[in-house]
Amino acid sequence: MTKWNDKLLESMKQGDEVALEQCYRLLSPIIFTAILKICKNRHDANDLLQDTFVDAFDNLASFHQQVPFIAWLKRIAFNNTFNFLKKNKRLTIGTDHLPEAVSLENSIESDYESRNLLLYLFERLSEMECLIMWLYIAEQYKHSEIAEVIGKTPSYSKSVVCRCLQKLRANAEVKKYAN
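Residues numbered from 1 in each chain as written. Predicted model: local features only at pLDDT ≥ 70, side-chain atom pairs only at ≥ 80, totals over all residues. Heavy atoms only, no water.

Student: For this particular structure, what's the right way to read unusual backbone geometry?
Tutor: Comment: phi is negative for the bulk of residues other than glycine, and the bulk of peptide bonds are trans. Phi is positive for Lys40, close to 60 degrees, though the residue is something other than glycine. Within the fold, Lys40 resides in the loop between helix H2 (17-39) and helix H3 (42-58). (Helix = DSSP H or I, 4+ residues; strand = E, 2+ residues; numbered from the N terminus.)

What follows is the structure, encoded as C-alpha cells:
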C-alpha cells in the first residue's frame, strides 16, 4: 500500500487513474469509518463514501494545500453526510430512539469493552449529536468549524457537546468504568 505524499496528489490532479485508485484505497477506510459513525447505516455509508470521492476527484482543481488533503476530504464527507441526513429528515436533536445494539456483559478484554462502550454510547445519540461529538472529539474540530459544517452557531455546537457529555456521564454503563 502506498503512503500518502504530495506526489500522489499532483498525479491525481493530472488525471492519473492509478493515483486516484491509490488515494481511494489509502483513505477510503478512514472516510468510511467517519461516515458510518454519523449515519449508522452501512449501505448509506457506502453510498456516501462513493459520493465523497466522486465529489473530491471532480473538484481536485479547487483543492489548495493550505489544509491537508485528508482534512479537505473529510470536510466533503461530513458535508455530504449532513446533507443526506437533512434531506432524508433523519437529523433529530435529543432523541433516544435507537435500540440497544451492544451488550457489554460478555466482553473479555478491556479494550474490547471500551470499544463496545463507545459504540454503545454513540448509539444513544441522535445523528446530529453524533456528528457534532465526532467532529469535536475524534476530528478535533473547533466549535466555529463545526458551526460552519452544520450551518449553526458555535454556541449551538458547544451546548450540544455539553448536553451529550452530561447524557453520557449519567449513563449507568459509564459509571461502571468511572471508578
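Moving on from the model shown.
Student: Which parts of the structure should I look at to understand the packing of aromatic side chains?
Tutor: Aromatic rings considered in pairs are described by the distance between their centres and by the relative angle of their planes. Under the criterion given, the structure shown has six aromatic pairs. Three or more aromatic residues joined by ring pairs form one cluster here, namely Tyr24, Phe53 and Phe57. Seen from the ring of Tyr156, Lys152 lies directly overhead, with NZ or CZ sitting 5.2 Å from the centre. (Phe/Tyr/Trp six-rings, centres within 6.5 Å; stacked < 30°, edge-to-face > 60°. Lys NZ or Arg CZ within 6 Å of the ring centre and 35° of its normal.)

Student: Can you help me understand the packing of helix H4 (residues 69-87) against helix H7 (residues 143-150) in this one?
Tutor: Helix-helix packing is characterised by the crossing angle of the two axes and by the distance between the axes. Axis separation between H4 and H7 bottoms out at 9 Å; the angle between their running directions is 50 degrees. Viewed along their axes, H4 and H7 adopt a mutual orientation that is oblique. The segment H4 lies against H7, with Arg75, Phe78, Asn79 and Phe82 engaging Glu145, Glu148, Val149 and Ile150. Taken together, the residues that form the contact of H4 with H7 break down as four nonpolar, one polar and three charged. (Axes fitted to C-alpha atoms, helices over the stretch in contact; angles between N-to-C directions. Parallel < 35°, antiparallel > 145°, perpendicular 65-115°, else oblique. Contact = heavy atoms within 4.5 Å. Nonpolar A, V, L, I, M, F, W, Y, C, P; charged D, E, K, R; others polar.)

Student: Please explain the nonpolar core as it appears in this structure.
Tutor: Ranked by size, the top nonpolar core spans 47 residues in total, and within it Met12, Ile35, Phe69, Phe78, Leu131, Ile132 and Ile150 carry the most contacts. Those elements that provide at least two residues to this core are helix H1 (6-13), H2, H3, H4, helix H6 (127-138), H7 and helix H8 (154-169). Element by element, the count of residues in this core is highest for H2, at eleven residues. (Core = buried A, V, L, I, M, F, W, Y, C linked by side-chain atoms within 4.5 Å. Buried < 20%, exposed > 50% of the residue type's maximum accessible area, 1.4 Å probe, protein only.)

Student: I keep staring at the pattern of salt bridges and nothing clicks. Help me out?
Tutor: If charged atoms from side chains of opposite charge come close, those side chains can pair. Evaluated as defined, the whole model comprises three salt bridges. Ionic pairing is found between Arg75 and Glu148, a salt bridge with its closest N-O pair at 3.2 Å. Residue Arg75 is found in helix H4, and its partner Glu148 is found in helix H7; the two are separated by 73 residues along the sequence. Measuring nitrogen to oxygen at the nearest pair gives 3.2 Å for the salt bridge that ties Lys167 to Glu129. Of this pair, Lys167 sits in helix H8 while Glu129 sits in helix H6, and the two are 38 residues apart along the sequence. Residue classification places Lys167 among the partly exposed residues on the basis of a relative accessible area of 26%. (Salt bridge = Lys/Arg side-chain N within 4 Å of Asp/Glu carboxyl O.)

Student: Before we go on, may I ask you to explain H6 in this structure?
Tutor: Every α-helix winds through 3.6 residues per turn, so residues three or four apart in the chain are directed the same way. Along its twelve residues, H6 runs 15 Å from first to last C-alpha, staying within 8% of the 16 Å computed at 1.5 Å per residue. Of all twelve residues in H6, nine are buried, a share of seventy percent or more. Along H6, the positions that sit buried rather than exposed are Glu127, Met128, Glu129, Cys130, Leu131, Ile132, Met133, Trp134 and Leu135. (Expected span 1.5 Å × (residues − 1).)

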